[in-house]
Structures are given as structure tokens and as C-alpha cells.
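Reading the structure
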Amino acid sequence: MLEKGFLGGRKYWIWMACLLLFMGAGFISWLFQFREGLGITGMSRDISWGVYIANFTFLVGVAAAAVMVVLPYYVHHYKAFGRITILAEFLGVAAVTMCLLFILVDLGNPVRALNVILHPTPNSILFWDMVVLNGYLFLNIFIGWNVLTAERKGSPPPGWLKPFIYLSIPWAISIHTVTAFLYAGLPGRHFWLTAIMAARFLSSAFAAGPAMLILFCFIVRKTTKFNPGNEQIRTLSGIVTYAMILNVFFFLLECFTAFYSNIPGHMHTIVYLFRGLHGHTGLVPWMWVSAFFAVVSLVLLIVPAARRADDVLAVACVSVFIACWIDKGVGLVIGGFIPNPLEHITEYVATVPEVLITLGVWATGFFILSFLYKIAITVKEELRA
Amino acid sequence: MGVNRRKFLKIAGISTLGVAAKPAADALAIEWLDKKLGGFTVSETLLHMFHKPTGFKPGEALTAERWAMVVNVKNCPEGCNACREACHRVHNVPDIENPKHEIKWIWHEEYEHTFPGQQHEHIEEHLKETPFVVLCNHCFNPPCVRVCPTKATFKRKTDGIVMMDMHRCIGCRFCMAACPYGSRSFNWKDPRPFIKEQNPEFPTRTKGVVEKCNFCAERLAKGQIPACVEACQEATKKKGREPALVFGDLEDPDSEVRQLLRSHYTVRRKPELGTNPNVYYIV
Amino acid sequence: MYDGGKIITGIIIGLVFLTFPIWYTHGTVPPRPEVKLPVKEKECVEPRPYMKTKHMQLLDLWRDSAVRVGKRSYIAFNGKKYNMSLQNTCMSKDCHAKKTEFCDECHNYTGVVPYCWDCHIEPKKEPKEKPEEKH
């Protein structure tokens with residue numbers, strides 16, 4: 001079945017070659033970073049995590065797309081999603097791979113990465129994140145591949161696969177929860193120290209993940225003979241709508257607690273993000289762009305007539321993507337470091353090599369995604385023919 | 001010494017075993033065994049298998065149940081930087097000007113940054129100007145240790161010092177996010193070019209690891225007090241003052257730190273976080 | 001055989017690459033490493049064969065013992081005491097004071113690049129006296 005990924009037309013290969021180009025540029029930049037140290041990035045003593053961890057955090061959410069399709073199909077027997085579970089699972093594979101790569105490029109000593117396994121430390125949330133992310137990667141490859149193999153033979157997925165499929169549902173929740181715990185358990189970081197963090201992660205994940213999946217469904221419908229189906233896209237858009245409403249709602253809850261209680265530590269970061277603090281306004285434009293797209297997406301998603309038009313839905317999904325990426329990546333991760341524990345303010349701007357490495361990781365994710373989708377869709381096309 | 005005796009007996013036992021085993025092995029002419037031993041005698045091999053080096057604390061070492069420091073801010077001479085200079089020289093801490101890549105084990109902060117939230121506009125004049133010495137608090141409940149995925153940073157059971165094992169650090173910087181005191185520095189680049197004069201007795205660090213104050217664990221092992229405390233004693237003596245930095249065992253009721261804590265009102269940084277810092281301030 | 005020619009050509013090219021180190025260095029076997037042993041000090045921490053093959057394990061245990069356990073004194077097989085320190089004991093004046101003449105010889109020969117020296121300082125001009133233990 002693997003060979004189907006290598007049998008593509010001209011456009012497929014041009015697309016893959018473009019991705020390889022970005023991957024190459026990213027890899028060369030990473031070699032530079034490997035030699036010089038992380039000093040070539042915009043990170044600093046005060047902002048010790050930057051765009052790598054921001055993207056990692058965001059992509060953990062994207063991986064969730066799978067569960068929003070798998071759960072209705074296998075638990076609620078919502079048959080329509082049977083057509084696209086494979087797309088969701090393979091999106092999960094690509095997203096988790098990107099997550100792991102982003103952690104790897106963020107390490108100061110990547111050659112020692114295996115120390116996490118050689119010296120397992122159960123009290124560290126990062127240790128558990130390693131466990132759940134790798135587990136989720138395995139589950140999605142394993143389930144996706146077996147489901148597709150069965151589909152190709154025209155038979156339902158084997159019975160022994162069911163436990164794995166059911167396991168993948170709580171497992172998807174766990175990758176978000178554990179990733180949220182990375183932040184939510186740190187004393188002295190007021191912006192992160194909130195019990196609603198895991199819930200926020202889940203809501204933004206269930207908005208951004210399915211939104212990306214909808215966009216991929218559109219692309220697949222345009223470029224291949226396989227139609228993921230109108231009903232499927234409609235249902236997904238309903239999920240995105242609810243999740244995005246919750247996502248914005250949860251953020252407003254944070255604002256209420258911070259500003260009504262009037263506790264300085266709780267307000268500082270939010271003020272910095274949306275208005276600037278002591279003349280430092282680096283992230284203010286970003287956050288208003290995020291807020292703008294969040295509102296746009298909500299309007300387009302909530303109005304039923306708008307949501308049902310494919311073009312509008314596509315715009316709404318792109319808006320959700322932008323809003324969530326900025327909010328969860330830039331705002332949440334980088335904002336959490338400002339002000340620093342001594343209430344000094346250092347700002348952060350990503351550097352060129354840092355951006356190239358980031359693009360390289362995204363390109364790697366898309367490369368894997370394209371390859372897997374090519375296989376899945378070729379199988380589906382052959383079945384129809 | 002008990003350790004010596006035990007060790008001697010162990011080695012003697014293993015050697016006897018080995019001496020007995022060698023002729024036996026020869027007699028049986030077990031060729032594969034010979035090959036396995038790779039040129040060693042049986043006794044040597046056994047010695048190497050079982051003789052695991054176990055160190056012991058040097059006899060001259062300073063020991064405590066829980067090391068702690070008291071910073072008597074008022075004794076700090078104006079413009080004095082002796083503690084920082086001594087610490088950074090002894091530990092090969094690079095002098096990087098760029099504040100983004102700066103590495104510091106001990107440094108001075110203003111009152112409002114040392115105790116954020118405590119400042120108000122009518123505060124005592126001297127507090128506005130007094131520099132506060134800040135360093136790793138060697139917390140009793142260190143969040144950095146809780147989050148480290150490799151145990152590269154850990155709390156020593158014997159005396160409560162929060163240590164860094166530079167050999168093991170993978171550079172994930174989770175500890176930097178977790179530390180509520182900003183006490184940790186990351187080596188964003190190779191620190192060596194930024195070290196003016198290397199202290200050959202202490203290692204430098206490599207790029208990609210996190211470092212911080214170690215309460216001079218390497219000096220305590222040699223029976224010396226921390227470099228900053230020693231430098232402070234000299235510097236304050238010249239000014240005819242009592243030292244601003246006092247170091248001692250918190251569990252020893254007669255220690256100097258305990259005496260100071262008994263007789264003065266002291267505060268700690270962010271006590272509400274439950275980290276239970278071991279650095280106290282007399283304001 | 002399908003594509004027999006291509007396969008055989010591939011195998012030949014593969015073999016050429018695989019054997020590259022052998023025929024490229026033919027006749028120029030690098031000289032065996034010659035380490036300069038300390039003049040003054042006659043015995044190392046442990047017997048020579050042990051040090052030869054196991055010095056890395058010993059150093060590994062030393063670093064864990066010194067850094068993690070805080071036990072920095074080591075009793076050797078013969079009861080002698082040593083300060084567990086690569087810089088201050090192994091590389092002291094009377095012992096392996098020159099990294100290039102000792103460590104590097106074998107490490108370069110075998111192509112091993114230990115990262116000890118990324119942090120630990122090799123003795124430069126005047127290495128320290130070997131510190132005496134006091135007990």
C-alpha cells in the first residue's frame with residue numbers, strides 16, 4: 001500500500017518538491033542552530049520558550065481533529081464520518097510528528113534527548129507528555145493503517161482493532177490535558193496558573209483541528225476524485241462552531257477573573273497582550289488580529305446560512321486557524337513569560353533561522369500528510385472505480 | 001573508618017575468590033572464559049565486576065541538614081559587587097553583556113523586583129536605593145526539580161542544596177519556566193569566549209544547558225564556605241560592618257543563621273507559592 | 001531477472017562505497033597511538049588494564065558520585081584515597097597534565113569524541129599540584 005504514495009501526477013510531485021525545499025532550508029538552519037546554540041533564535045533568559053514551543057502547543061491541538069471524527073463514528077455510530085476517519089487519523093499522525101520535531105529543535109542538547117527515557121522521571125509533566133505524544137502517534141499510525149488496509153479489501157476493520165480505537169479517544173484527550181499541565185502547574189506564572197487551562201486547550205483544539213480538517217476536505221474534493229462528502233463537512237462545521245464559541249467563552253472567563261478580582265499578577269499578561277505594559281507593545285497587533293479573526297469566524301459560523309456556503313465556511317475555517325494559532329501559540333506561550341518573575345519586561349521577536357526551522361517542521365508535517373493522504377485517497381479512488 | 005574496613009573486606013573476599021577461581025578455570029581449560037576475560041585474570045575480572053567505586057564524603061567537608069542563607073541587606077556596602085565577582089570568577093560564569101543571553105548566579109535587584117507587589121510609593125527611602133542580593137533560593141519544595149524530565153536538577157537529600165547535573169541536562173528549559181524567582185540561566189551559546197580568566201579547578205559549561213547557583217557545593221566539600229559569603233565577609237570588614245551574607249545550617253539551633261532569624265524580622269521571596277525558600281532577607 | 005543490469009550496477013556501486021575506507025587508506029595504516037605516561041606518578045587510580053578498558057565507566061561513576069551524591073572521595077583498590085575530579089586529579093601536574101599526549105592519542109586513533117572537554121578545562125600552562133587528601 002505504501003507504494004501508492006509514490007504514484008502521483010506532476011502536480012503532486014511539484015508540491016512535494018516545494019515541501020522538500022522548505023524542509024531542506026529548515027534542516028540547514030537547524031544545523032546552524034545545532035552548531036551555534038539556541039542563541040541564534042529570538043529567545044532569551046526571560047522568554048525561554050519561543051515560536052517552537054508555541055507551534056508545538058498549537059499542533060497538539062490540531063492532532064485532536066481525529067477524536068472529533070472517531071468519537072461520533074465509533075461511539076455514536078454516526079455512519080457518515082466513516083468516510084473521513086482516515087483523513088482525521090492521518091492528520092493526527094502529521095500533527096504529532098510536528099509536535100515531536102518542534103520539541104526536538106527546541107532542545108539545547110538534542111543529542112541527549114534520550115535521557116528522558118534513560119532517566120524516567122514520573123514527577124515531570126514533560127516525561128508524561130513524551131509518553132502520551134508517542135503513544136498517540138503510534139495509535140494513529142496503527143489504527144489508520146489497519147482501517148485503510150481493511151477498507152481496501154472491502155471488509156470492516158478487524159474486531160481486535162476496536163480496543164485500540166476506543167483507547168485512542170481518551171488518549172487524544174490526554175495529550176491536550178498533559179500539554180496543558182506543562183503550563184498550568186507552575187507556581188509564579190500567573191497567566192498559566194489556571195484550572196481552566198486544560199479546558200481551554202481542548203476547546204481551541206476542537207475548533208482548530210476540525211477547521212483544518214474541513215479545509216483539507218475541500219482541497220481533497222478539488223484535487224482528487226474522492227469526495228469526503230457534504231454531510232461530513234456540515235457536521236464538522238457544527239463541531240467547529242461550538243468549540244470556537246467555548247474557546248472564546250473560556251478566554252473571557254479568564255478576563256473576568258483577572259480584572260474583577262483586580263489582582264495585578266493575573267492582569268499583567270492580559271494587559272500586556274492587548275494594550276501593552278510599560279510601553280512594551282510587541283504582541284498587541286498580533287492579539288488584535290487574533291481577536292478580529294475570532295469574531296469574524298464566530299459570525300460566519302454562527303449564522304447558519306453563512307456556514308452552509310462552502311466558500312464562506314472556508315473563510316471561517318481559515319479565520320479559526322489564524323485566531324487559534326495566535327491565541328494559543330503566540331499569546332499563551334510567549335505572553336506567559338511577560339512580565340518575568342521579577343516583573344521585568346523582555347520582549348521576543350523570532351529570528352530568520354528560527355522562522356526557517358519552524359517552516360521546515362511545518363513542511364515536514366505537510367510532506368507526511370500529503371504522502372499519507374495520497375495513499376488513503378488512492379485507495380478510496382480505486383474502490384470507487 | 002568503617003567504609004575502609006568494609007571495602008577492604010570486600011576486595012579481599014573477591015580477590016580470594018578470584019585466586020581460587022583462576023586455577024580452577026585453568027584446570028577446566030574453559031577457553032571461552034579466557035576469551036571473555038580479555039587478558040585479565042579471573043580475580044581482576046571479578047574485582048571489576050563487583051568493585052563498584054563508592055565514594056564517601058571527604059572528612060573536611062562542611063555538612064548541614066539544611067543549608068540556608070540570611071541576607072542582611074543594610075550591611076551591603078554601597079556599590080559593592082564583591083559577592084557577584086567572587087562567585088562568577090570561581091564558577092567560570094561568563095560575562096555576557098547582552099541581557100538576553102546573560103548568565104548570572106548571584107546579582108543585585110531593586111526592592112520592587114525582589115519582592116514584586118510589596119512596593120508602594122511612600123516606601124522607606126533606603127529601600128528604593130538598596131540593592132538586594134538575589135540568587136537561587138534552594139527551595140525546600142523546588143518547582144524546578146518537580147518539572148525536570150531527566151532529574152538533571154535535583155535536591156540533595158543530605159543538605160537540601162538544589163543542584164544541577166550539567167552532564168544530564170537536555171536543555172528543555174522547563175525549569176526556567178517553573179522557577180518563580182528567575183534564578184536560572186540558559187547557555188544560549190558557547191560560554192567559553194566570554195570567560196575572562198578560567199578557574200582551572202571548576203568546569204565551564206557548554207552551550208545548551210541550564211545553570212544556576214549551587215551554594216558552592218564544590219567548596220563545601222573542601223571545607224570552605226561559599227565564595228560569595230567569604231567575599232562579603234572581607235568586603236564588609238573593610239567598611240567596619242557585619243557581613244551582609246550569612247550562611248549556615250537551618251536545622252542547627254545554634255547556627256549563625258538561626259541566631260539571626262531569632263533576633264530579626266525576616267522575609268522570603270514569594271512565600272505564598274509554597275516553595276519554602278532557604279534564603280532569608282533582613283530588610 | 002527484471003532490470004538485471006541496473007541491479008548489478010547498483011550492487012557494484014554499493015560495494016565500491018562500502019569498501020571505500022579500505023582501498024582508500026591502502027598502505028597507509030595510521031601509526032598506533034603512543035601515550036606519554038606520567039614520569040613521577042607510577043600508578044593510576046586503579047590497575048592499568050582496568051583503566052585502559054574501563055576508565056569511562058570509572059569517570060561516569062565519579063561524576064555521578066561527586067555531582068549527584070556529593071561523595072567526592074574515592075578509595076581505590078589499594079586503599080589509596082583520591083579526590084573524584086577529572087580536572088583536579090586525573091589532569092593534575094604529576095599525572096596526565098597534557099591532554100594532547102594522553103587522552104587525545106587513543107581517542108583520535110579510535111575516532112572517539114568524548115564531550116568531557118566541552119566543559120572540563122584541560123590543563124594549560126601550569127597545571128595544579130595534585131591535591132593531597134587529608135585523612
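These figures come from a predicted structure and were not determined experimentally.

Some words on the overall build of chain A
Each helix and strand in chain A was counted, giving 14 helices and zero strands. The C-alpha extent of chain A, read off along each of the three principal axes, is 65 × 50 × 40 Å. Considering chain A as a whole, with its 385 residues, one finds that 49% of them fall into the buried category. Once local pairs closer than 6 in sequence are excluded, the contacts in chain A between residues at least 24 apart make up 78%.

Some thoughts on the sheet that holds strand E8 (residues 245-249) of chain B
Sheet architecture is open: four strands sit in the order E8-E1-E10-E9 (chain B), paired in mixed fashion. The strands lining the two open edges of the sheet, one partner per strand, are E8 and strand E9 (266-267) of chain B.

Remarks on unusual backbone geometry
With omega at -5°, the peptide bond leading from Ile-338 of chain A into Pro-339 of chain A counts as cis. With respect to the helices and strands, the residue Pro-339 of chain A is situated in the loop between helix H13 (310-335) and helix H14 (352-384). With a phi close to 65°, Asn-262 of chain A is a non-glycine residue in the positive phi region. On the secondary structure map, Asn-262 of chain A appears in the loop between helix H9 (230-261) and helix H10 (264-274). Its 8 C-beta neighbours within 10 Å are what place Asn-262 of chain A among the exposed residues. One non-glycine residue with positive phi stands out, namely Lys-151 of chain B, at about 60°. Within the secondary structure, Lys-151 of chain B sits in the loop between helix H7 (143-147) and strand E4 (153-155). A count of 17 C-beta atoms within 10 Å places Lys-151 of chain B in the partly exposed class.

Things to note about the arrangement of the chains
Contacts between protein chains span two pairs of chains, and they are most numerous for chains A and B. One thing to see here is that chain A and chain C don't touch, and their nearest C-alpha atoms sit 11 Å from each other.

Notes on the interface of chain A and chain B
Opposite the 33 residues of chain A that make contact, chain B presents 41 residues. Listing elements by their share of the side of chain A that touches chain B, those giving two or more residues are helix H5 (115-118) and helix H6 (125-153) of chain A. Among the elements that line the side of chain A that touches chain B, the one with the most residues is H6 of chain A, at three residues. In the side of chain A that touches chain B, the residues fall into 13 nonpolar, 15 polar and five charged.

Overview of the nonpolar core
If you look at soluble globular proteins, the nonpolar side chains tend to sit buried side by side. If you look at the biggest cluster of nonpolar residues, it comprises 189 residues, and the most contacted ones within it are Ala-63, Ala-65, Leu-87, Leu-91, Val-240 and Val-320 of chain A together with Leu-245 of chain B. Sorting elements by how many residues they give to this core places helix H4 (residues 85-106) of chain A first, with 15 residues. Filtering out sequence-adjacent residues up to four positions away, Ala-65 of chain A remains in contact with Ala-88, Leu-91, Gly-92, Gly-209, Pro-210, Met-212 and Leu-213 of chain A.

Looking at the packing of helix H3 (residues 65-75) of chain A against H4 of chain A
All names here are of chain A. Where H3 contacts H4, the axes come no closer than 8 Å and their chain directions differ by 150°. The angle between H3 and H4 places the two elements in the roughly antiparallel class. As for the relative orientation of H3 and H4, their crossing is left-handed in sense. Residues Ala-65, Ala-66, Val-69, Val-70 and Tyr-73 of H3 form the contact with H4, whose participating residues are Thr-85, Ala-88, Glu-89, Leu-91 and Gly-92. When the residues that make up the contact of H3 with H4 are grouped by side-chain class, the tally is seven nonpolar, two polar and one charged.

Remarks on the environment of Pro-339 of chain A
C-beta crowding within 10 Å serves as the criterion here: with 21 such atoms nearby, Pro-339 of chain A is assigned to the buried category. Every residue in contact with Pro-339 of chain A, bar those within four places of it in the chain, is listed here: His-268, Leu-277, His-344 and Ile-345 of chain A.

Quick notes on the confidence of the model for chain C
Residues and elements named next belong to chain C. Averaged over chain C, the pLDDT score is 82; the fraction of residues at 70 or greater is 90%. At the level of individual helices and strands, chain C shows its lowest average pLDDT in helix H2 (residues 20-24), which scores 81, and its highest in helix H1 (residues 4-18), which scores 92. Confidence metrics for the complex model read pTM 0.88 and ipTM 0.90.

Let's talk about the packing of H4 of chain A against H6 of chain A
Residue and element names in this part refer to chain A. Remark: H4 packs on H6, axes separated minimally by 9 Å, with the N-to-C direction vectors making an angle of 150°. In terms of orientation, H4 lies roughly antiparallel with respect to H6. Handedness of the H4/H6 crossing: left-handed. Note on element contacts: H6 touches H4 through Leu-133, Tyr-136, Leu-137, Asn-140, Ile-141, Ile-143, Gly-144, Val-147 and Leu-148, opposite Thr-85, Ile-86, Glu-89, Phe-90, Gly-92, Val-93, Val-96, Thr-97, Cys-99 and Leu-100. Of the residues belonging to the contact of H4 with H6, the class tally is 13 nonpolar, five polar and one charged.

Remarks on the environment of Phe-249 of chain A
All names here are of chain A. Mapped onto the elements of the fold, Phe-249 is located in helix H9. Residue classification places Phe-249 among the exposed positions, given that 11 C-beta atoms sit within 10 Å. When the C-alpha atoms of Phe-249 and Ser-203 are compared, they prove to be 9.7 Å apart, with 46 residues separating the residues in sequence.

Things to note about helix H1 (residues 10-36) of chain A
All names here are of chain A. For H1, which comprises 27 residues, the first-to-last C-alpha distance of 39 Å matches the rise-based estimate of 39 Å (1.5 Å per residue) to within 8%. Structurally, H1 contributes buried residues whose contacts are with H14. Among the residues trailing H1, Gly-37 stands out with phi positive, at a value near 100°.

The rules behind the values
- Residues numbered from 1 in each chain as written.
- Chains lettered and ligands numbered in written order.
- Predicted model: local features only at pLDDT ≥ 70, side-chain atom pairs only at ≥ 80, totals over all residues.
- Helix = DSSP H or I, 4+ residues; strand = E, 2+ residues; numbered from the N terminus.
- Buried ≥ 20, exposed ≤ 12 C-beta atoms within 10 Å, placed from the backbone.
- Contact = placed C-beta atoms within 7 Å.
- Pairing = 2+ DSSP bridges.
- Nonpolar A, V, L, I, M, F, W, Y, C, P; charged D, E, K, R; others polar.
- Core = buried A, V, L, I, M, F, W, Y, C linked by C-beta atoms within 7 Å.
- Axes fitted to C-alpha atoms, helices over the stretch in contact; angles between N-to-C directions.
- Parallel < 35°, antiparallel > 145°, perpendicular 65-115°, else oblique.
- Left-handed = near helix turned anticlockwise from the far one by under 90°.
- pLDDT = per-residue confidence, 0-100.
- Expected span 1.5 Å × (residues − 1).

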